[in-house]
Each structure stands twice: as C-alpha cells, then as structure tokens.
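What follows is the residue order along each chain.
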Amino acid sequence: MSPRTPGADLPDHPDWLWRTPEPKRSYDVVIVGGGGHGLATAHYLAKNHGITNVAVLEKGWLAGGNMARNTTIIRSNYLWDESAGIYEHALKLWEGLEEELDYPILFSQRGVLNLAHSLQDVRDSVRRVEANRLNGVDAEWLDAQAVKEVCPIVNISPDVRYPVLGGTYQPRAGIAKHDYVAWGFARSADAAGIDIIQNCEVTGLDVVDGRVVGVQTSLGPIAAGKVALCSAGHTSVLAAMAGIELPLQSHPLQALVSELLEPVHPTVVMSNAVHVYVSQAHKGELVMGAGIDAYNSYTQRGAFHIIEEQMSAALELFPVFARAHVLRTWGGIVDVSPDASPIVGLTPVDNLYLNCGWGTGGFKATPGVGWVYAHTIAHDTPHALNAPFSLDRFTTGALVDEHGAAAVAH
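Worth saying up front: this structure is predicted, and the values here are computed from it rather than measured. (Residues numbered from 1 in each chain as written. Predicted model: local features only at pLDDT ≥ 70, side-chain atom pairs only at ≥ 80, totals over all residues. Heavy atoms only, no water.)

Undergrad: Looking at this structure, how should I read the overall build of the protein?
TA: Each helix and strand in the protein was counted, giving 9 helices and 18 strands. Relative to a compact globule of 410 residues, whose C-alpha radius of gyration would be 22 Å, the protein shows 21 Å and is just as compact. Across its three principal axes, the protein shows a C-alpha extent of roughly 75 × 65 × 40 Å. Excluding contacts between residues fewer than 6 apart, the proportion of contacts in the protein whose partners are at least 24 apart in sequence is 77%. Of the roughly 17,300 Å² of accessible surface on the protein, 54% is carried by carbon and sulfur atoms. (Helix = DSSP H or I, 4+ residues; strand = E, 2+ residues; numbered from the N terminus. Rg over C-alpha atoms; globule rule 2.2 N^0.38 Å. Contact = heavy atoms within 4.5 Å. Areas by Shrake-Rupley, 256 points an atom, 1.4 Å probe, with all protein chains shown as cover.)

So, in structure tokens, the structure goes:
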C-alpha cells in the first residue's frame, strides 16, 4: 500500500481568489475603497443589478484598512427605527451569506450581552429592548443572575466599582471571520467580471459642470460614469477633492488580542460604564476593544494608556483573565458623525455617492450597506433603508442619534 499523501483528501484551493487586472481607462462605476463595504457593494451591483463594468480601487492591499482592524462583532439591537432597519437587514443577510458567497465566513451566532451598571443604564436598556421588539429584532432583558447563566465568567459581585445590574441580550448576534468575509465578497465580484485593483490610490476627483466624470489615480486617470466613495476615515479627504465638506471626525480606535486560550468565553460582552467589549475568536484569542483616542488622526496606532485602560476594564468584568498575556495590539481609523450614525446616499455633485460615518458600526453592517449602497448607485436614488442617512439631515435636523446604542466607542 502506497503511503498516503498529506492533504490528499482536501479540495484544491487556487493560489489567487481574484484576478490582478490592469485598470481600464473607463468604467461605468468606480468604487473608491477595497474594504468590506466596497467589496460588498461591488458584489450586489453585479448580483442585484447586473452592473459589472465596475472597478474597486484600493490604495493599499485588499481589505487592509478597517476591515482587517475591527473586532468583528455583529448585532442589530440599535435603538431607533432607522438604525434597526439597516442593521437587521444586514443581520438577515449575514445569516445566509456563507451560502450566498459559497465561501466560509465562520459566522457564529453566539449572542451579545450589553451590560447595565446603574439605574439609568437599566432604564435605557429596557427601553432599547422594547424598541427592538417593536422592530422585530430579537432582544431580551436579563437580570444579573441570568447574565451569569449566559456568560459564567462575568463577575456579578455587588462589591465592585460598577456592579452588574443586568443586561440586554440579543441571541442572534455574534461574530464572523473578517478576512474570510472580504475574500468571499472579492471572489464573487471578480467572478462577475468586476476589476479589483490594489495599490491604486485616488489622488483627485474630476468634476465637470457639477458632475463627476472620473478619478485621478497613482496608476493614471480613469473615467467613470459614477463614483462611489467608500473609504471610512479617509472619505472626508476624498470628498474634499470635489469641494464637499463632510461633518466627520476621524479618530484612532485601538484593539488587542490575547494569546490563544481554551474556550472560556461563550458570548460577546459589552459594557459602556466599565468601557470594554470582549469576545473570544475562533482560534482562541480574546479580542478586546474600548473607546476611541480623543484626538483626531489618520494613524493606525495609538497611545499605550488606552490599551492599559482596556485591560484594566476587562479584569473588572472577567477576573479569570488576570493571567492571560497580550499577543498584539493594533489601531483602525473610525469616522464619527455628529449623531453617531452613517452617511449613505447622494451628494451635491451628480453621480458622486457617499458611504461613511459608520464609527464602530461598519463591520456589522457590511452586507446590508453593500445591498442598499448598490441600489443607490444603480438607481441614483436611496433605498428606503438608507434614505434616513442622507447628508442633508445635518441641515434639516432629522438626525438619527445613536450615541447610546453605538456601543462603547463614541
């Protein structure tokens, strides 16, 4: 009997999941930003609208920005109807995304706990649960003992700085593998004939008589029928090239992971008062994040004291982590709008579109915003789900104030 070849039973995996094409001189649609939102938009332009003469331009490597630098939490338990609508749409897409993309994304619906530590927290949390239920979002209020039953390692002792009085729980929430998500969308878009062009920085927007007609890039000029900006914290820089001033602030947001551990943390736990959120990734590392650095910056690293505060907060909630070691830390750039809600829609420049201002909510929205942004681009009018998130709400006053439900970062 001949010796068995290692890996002989495994399916072949291609060296590359997408092509590396040279950019054409013109496209029907140019998407600026090759992160999760840009790739999802490309996927749904092809899938839902049959638009495939599309280029996704990424100044670095594909999904190397916030898509590679987030903490992968997926939930839809937002307070206002407008937010619940778009995030719940996204969550429903997440639930079928692996089959849709025919690619593993390791979506794990392990639930999310948002802890309450004061009587005002409790009132706000119960209000949010009731609002979620009215919008068809699964949510429930748990007392401290029920929190302990969902996540046994949470410290619910009354003798701490911020005792756990209870928490909201969304069972359908969870996490996914961020790079697999990006690769799945990229593979699908490429198979539809969409060009994904890396190391192609946009250096200017060509606007003629109030209409965008193309982009200037590090690989030369590219004409475009439509241009969709999708670059998170740098979207304000790009919009300024067309004379549009966006109400955004960009901040560093830091996170960290521990060494690999045996499974100890069965869900996702978030706390505003103690100021940390923690999950355990598929490989076993603890993933932690907290608040933004207070200063404006486009850097992808931050100050050490932020990491120190995250670990201190985590130990208050999870004393069992005391002997864990930090493996690595990193930073991303979050773009925060005045009402902590995104801006998705049209601009004063014809055929130029915006998708930005997601703060810390970008990853969880990925398939949902890709769906509605593709609709907006294809029809030159917002989808019903992103219509409330127009740029002009900052002049009309029709804000969607999600500071309370946007987690711990802003």
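Undergrad: I keep staring at helix 1 (residues 36-49) and nothing clicks. Help me out?
TA: The periodicity of an α-helix, 3.6 residues per turn, causes residues three or four positions apart to be oriented the same way. Here helix 1 is 14 residues long and its end C-alpha atoms lie 19 Å apart, about the 20 Å a rise of 1.5 Å per residue gives. Counting buried positions along helix 1 yields 11 of 14 residues, so the element is predominantly enclosed. Taken residue by residue, helix 1 has Gly36, His37, Gly38, Leu39, Ala40, Thr41, Ala42, His43, Tyr44, Leu45 and Ala46 as its buried positions. One or two positions beyond helix 1, positive phi appears at glycine 50, with a value near 65 degrees. (Expected span 1.5 Å × (residues − 1). Buried < 20%, exposed > 50% of the residue type's maximum accessible area, 1.4 Å probe, protein only.)

Undergrad: When you look at unusual backbone geometry in this model, what are you seeing that I'm missing?
TA: A negative phi angle characterises most non-glycine residues, just as the trans form characterises most peptide bonds. Positive phi, normally seen in glycine, also occurs at alanine 63, with a value near 60 degrees. Assignment of secondary structure puts alanine 63 in the loop between strand 2 (54-57) and strand 3 (73-74). Judged by relative accessible area, alanine 63 falls into the buried class, the value being 10%. At aspartate 380, a residue that is not glycine, the phi angle is positive and equals roughly 55 degrees. Residue position: aspartate 380 is located in the loop between helix 8 (366-379) and helix 9 (393-396). Judged by relative accessible area, which is 38%, aspartate 380 ranks as partly exposed.

Undergrad: In this structure, what is going on with the confidence of the model for the protein? I would like to understand it.
TA: Keep in mind that low pLDDT regions are not for reading the predicted coordinates in detail. Here the protein averages 93 in pLDDT, and 95% of its residues register 70 or above. Per-residue pLDDT stays below 50 along residues 1-8; that stretch engages in 1 contact with residues further than four places along the chain or on separate chains. (pLDDT = per-residue confidence, 0-100.)

Undergrad: When you look at the pairing of strand 4 (residues 112-116) in this model, what are you seeing that I'm missing?
TA: One face of the sheet, then the other: side chains in a regular strand alternate in exactly this way. Of all 5 residues in strand 4, 5 are buried; the element is thus mostly enclosed. The alternating pattern of strand 4 places Val112, Asn114 and Ala116 on one face and Leu113 and Leu115 on the opposite face, and all of these are buried. The pairing of strand 4 with strand 6 (residues 166-170) spans 5 bridges and is classified as antiparallel. Pairing of alanine 116 across the sheet is with glycine 166, part of strand 6. (Pairing = 2+ DSSP bridges.)

Undergrad: Looking at this structure, I do not really get helix 5 (residues 178-191). What am I missing?
TA: Look at helix 5: 20 Å from first C-alpha to last across 14 residues, which is about the 20 Å you get at 1.5 Å a residue. When we look at burial in helix 5, the residues that qualify are His178, Val181, Ala182, Gly184, Phe185, Ala186, Ala189 and Asp190. Glycine 193 occupies a position one or two residues after helix 5 and carries a positive phi of about 100 degrees.

Undergrad: How should the packing of aromatic side chains be read in this particular structure?
TA: Given two aromatic rings, one states the distance between the centres and the angle between the planes to describe the pair. On inspection of all chains with the given rule, the structure shows 9 aromatic pairs. Between tyrosine 87 and tryptophan 358, the ring centres sit 5.9 Å apart and the planes meet at 85 degrees, which makes this aromatic pair edge-to-face. Here tyrosine 87 is found in helix 2 (residues 81-101), whereas its partner tryptophan 358 is found in the loop between strand 18 (352-356) and helix 8, with 271 residues between them in sequence. On the accessibility criterion, tyrosine 87 (4% relative accessible area) is buried. The buried category is assigned to tryptophan 358, whose relative accessible area is 5%. Ring centres of phenylalanine 318 and phenylalanine 321 lie 4.8 Å apart, and the angle between their planes is 25 degrees; this geometry places the pair in the stacked category. Both residues of the pair, phenylalanine 318 and phenylalanine 321, count as buried. Aromatic rings pair up to connect Tyr44, Phe185 and Trp371 into one cluster. (Phe/Tyr/Trp six-rings, centres within 6.5 Å; stacked < 30°, edge-to-face > 60°.)

Undergrad: What am I meant to see in the environment of glutamine 109 here?
TA: Note on placement: glutamine 109 falls in the loop between helix 2 and strand 4. Residue classification places glutamine 109 among the partly exposed positions, given a relative accessible area of 38%. It is 8.7 Å that separates the C-alpha atoms of glutamine 109 and glutamate 95, two residues lying 14 residues apart in sequence. Every residue in contact with glutamine 109, bar those within four places of it in the chain, is listed here: Glu95, Pro171, Arg172, Ala173 and Gly174. Within polar-contact distance, the side chain of glutamine 109 engages the side chain of glutamate 95 at 2.8 Å. (Polar contact = N/O pair within 3.5 Å; in protein donor to acceptor, adjacent residues only side chain to side chain.)

Undergrad: Can you walk me through the nonpolar core in this structure?
TA: The tendency in soluble globular proteins is for nonpolar side chains to be buried as a group. Membership of the largest hydrophobic core comes to 51 residues, with the highest contact counts inside it found for Ile31, Leu39, Leu45, Leu62, Trp94, Val181 and Phe185. Examining the composition of this core, we find that 8 residues originate from one element, helix 2, more than from any other. Beyond its immediate stretch of four places on either side in the chain, leucine 62 contacts Trp18, Gly34, Leu39, Ala182, Trp183, Ala186, Ile196 and Gln198. Counting residues in hydrophobic clusters, the runner-up holds 27 residues, among them Val30, Ile197, Ala239 and Ile244. (Core = buried A, V, L, I, M, F, W, Y, C linked by side-chain atoms within 4.5 Å.)

Undergrad: Where do I start with the pattern of salt bridges in this structure?
TA: Side chains that differ in sign of charge can pair as their charged atoms come close. Tallied over the entire structure, the rule returns 10 salt bridges. In this structure, arginine 172 engages glutamate 88 in a salt bridge whose closest nitrogen and oxygen atoms are separated by 3.0 Å. Residue arginine 172 is found in the loop between strand 6 and strand 7 (174-175), and its partner glutamate 88 is found in helix 2; the two are separated by 84 residues along the sequence. By relative accessible area, glutamate 88 is classed as buried at 6%. We note a salt bridge from aspartate 339 to arginine 393, for which the minimum N-O separation is 2.8 Å. (Salt bridge = Lys/Arg side-chain N within 4 Å of Asp/Glu carboxyl O.)

Undergrad: Sorry, what's going on with the sheet that holds strand 16 (residues 326-336) here?
TA: Across a sheet, paired strands are connected by hydrogen bonds in the backbone, their directions being either parallel or antiparallel. Ordered by their spatial adjacency, 8 strands build an open sheet running 5-6-4-13-14-15-12-16, and the pairing between neighbours is mixed. Two strands lie at the open edges of the sheet, namely strand 5 (140-143) and strand 16, each paired on one side alone. Averaged over all neighbouring strand pairs, the angle between strand axes comes to 20 degrees, with direction disregarded. One ladder, built from 5 bridges, connects strand 12 (residues 249-260) with strand 15 (residues 285-292); its direction is antiparallel. (Axes fitted to C-alpha atoms, helices over the stretch in contact; angles between N-to-C directions.)

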